[in-house]
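Now for the letters of each chain:
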Amino acid sequence: MTNESTASSPITYETEGPVAVISLNRPQQANAQNKELLVELDKAWDRAAEDESVKVIVLRANGKHFSSGHDLSNSGAKDQFDKDKAESGMMKLYMHERKHFLGFSRKWRDIPKPSIAVVQGSCIAAGMMLCWPCDLILAADNAVFRDPVVMMGIGGVEYHGHTWEFGPRKAKEMLFTASSITAAEARELGMVNRVIPLAELDSQAMELAQQIAKMPAFGLAMAKRAVNQTLDTMGQYAAIQSVFDIHSLGHGNAVAQCGFPVLVDLEKLKQAGKKSDS
């Protein structure tokens, strides 16, 4: 396996024959997503897409958890938002989220190479925006999926895969209660392909990736396009674009109420989450 990344990079990139392995690499922060991580992740997706020797892309994470979602720990976020709001209202926030959250997720979803998300531990809110664009999802038996951002006064994360991945009623229950969905439940609902013992997760993911890589590249690309185009014909693309604007309206409502795009901060969100789970 070749590895040209550094240990301090928020993303590492390796190849094993025809398989590119992209790893989230902020384990001490539970792979929370700041701008640097997302930009480097997008570069890694581009690299894998452009490398003709790569036929399958594996997205995984170092550490106990796949991703705890957006990094909300920036102490200067309020001052920066006030500055941006004075200059252009909600425009900078809207354009940032449109590019880095909705835009990146949609872009990765449409890359014409099969991709496999490998999920362990917690996959919270925007964490699902990293695995949903992948074609297959393999989950460890300890994986849990959750989107608690209704607690923040917003109707769900920027890339609304909920209804498509879980079905409408389960999506509403998840959002209304901020409750978790286990790997086994996610498989029953059709979001997860396989549930695997944690110790075997990476090895089984690579085995599957190598199996897929034996197929003709053009056949794989056309099979992926056929399924994705069918989803878009059913309305997925238009729905996700529309719901992003609903998400942005939630930010606007929060600003009207408290002067900031969310109603609760990170610590309050964590505490509310603990109460909800109990």
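We now turn to the structure provided with this report. Quantities reported herein were computed from a predicted structural model and do not represent experimental measurements.

### Remarks on the overall build of the chain
Line of reasoning, step 1. Helix and strand counts for the chain stand at eleven helices and ten strands.
Line of reasoning, step 2. By the compact-globule yardstick of 19 Å for 278 residues, the chain fits well, its C-alpha radius of gyration being 18 Å.
Line of reasoning, step 3. For the chain, the spread of C-alpha atoms along the three principal axes comes to 55 × 40 × 35 Å.
Line of reasoning, step 4. Every one of the 278 residues in the chain was classed for burial, and the buried ones make up 45%.
Line of reasoning, step 5. The contacts of the chain with a sequence gap of at least 6 include a subset with a gap of at least 24, amounting to 72%.

### Side note on the sheet that holds strand β8 (residues 144-146)
Line of reasoning, step 1. Ordered by their spatial adjacency, three strands build an open sheet running β6-β8-β9, and the pairing between neighbours is mixed. Either end of the sheet is taken by a strand with one partner, and the two such strands are β6 (122-124) and β9 (181-182).
Line of reasoning, step 2. Pairing between β6 and β8: three bridges, direction parallel. Note on β8: the bridge partner recorded for Cys-123 is Phe-145.

### Some thoughts on the layout of surface pockets
Line of reasoning, step 1. There is about 530 Å³ of room inside the second largest pocket.
Line of reasoning, step 2. Looking at the lining of the second largest pocket, the elements with two or more residues in it are β7 (136-140), α5 (162-166), α9 (217-233) and α10 (236-258).
Line of reasoning, step 3. Among the elements that make up the lining of the second largest pocket, the one with the highest residue count is α9 (six residues).
Line of reasoning, step 4. Considered class by class, the residues forming the lining of the second largest pocket number 16 nonpolar, five polar and four charged.

### What to know about the nonpolar core
Line of reasoning, step 1. Of all hydrophobic cores here, the largest spans 51 residues; its most connected members are Cys-131 and Phe-145.
Line of reasoning, step 2. Dropping the residues within four chain positions of it, Cys-131 is found in contact with Phe-66, Ala-117, Val-119, Cys-123, Ile-137 and Phe-145.
Line of reasoning, step 3. Core analysis: the next-biggest nonpolar cluster, separate from the first, contains 17 residues, Val-21, Val-58, Leu-138 and Leu-201 among them.

### Considering the pairing of strand β2 (residues 11-16)
Line of reasoning, step 1. Counting buried positions along β2 yields five of six residues, so the element is predominantly enclosed.
Line of reasoning, step 2. Pairing between β2 and strand β3 (residues 19-24): six bridges, direction antiparallel. By the bridge assignment for β3, Glu-16 is matched with Val-19.
Line of reasoning, step 3. Hairpin connection from β2 to β3: two residues lie between these consecutive antiparallel strands, with Gly-17 at a positive phi of about 60°.

Rules used in this analysis
- Residues numbered from 1 in each chain as written.
- Predicted model: local features only at pLDDT ≥ 70, side-chain atom pairs only at ≥ 80, totals over all residues.
- Heavy atoms only, no water.
- Helix = DSSP H or I, 4+ residues; strand = E, 2+ residues; numbered from the N terminus.
- Rg over C-alpha atoms; globule rule 2.2 N^0.38 Å.
- Buried < 20%, exposed > 50% of the residue type's maximum accessible area, 1.4 Å probe, protein only.
- Contact = heavy atoms within 4.5 Å.
- Pairing = 2+ DSSP bridges.
- 1 Å grid on protein atoms, 1.4 Å probe; cavity = no way out; pocket = protein on both sides within 12 Å on 5 of 7 lines; lining within 4 Å.
- Points joined across faces, edges and corners; volume = space filled by probe spheres on them.
- Nonpolar A, V, L, I, M, F, W, Y, C, P; charged D, E, K, R; others polar.
- Core = buried A, V, L, I, M, F, W, Y, C linked by side-chain atoms within 4.5 Å.

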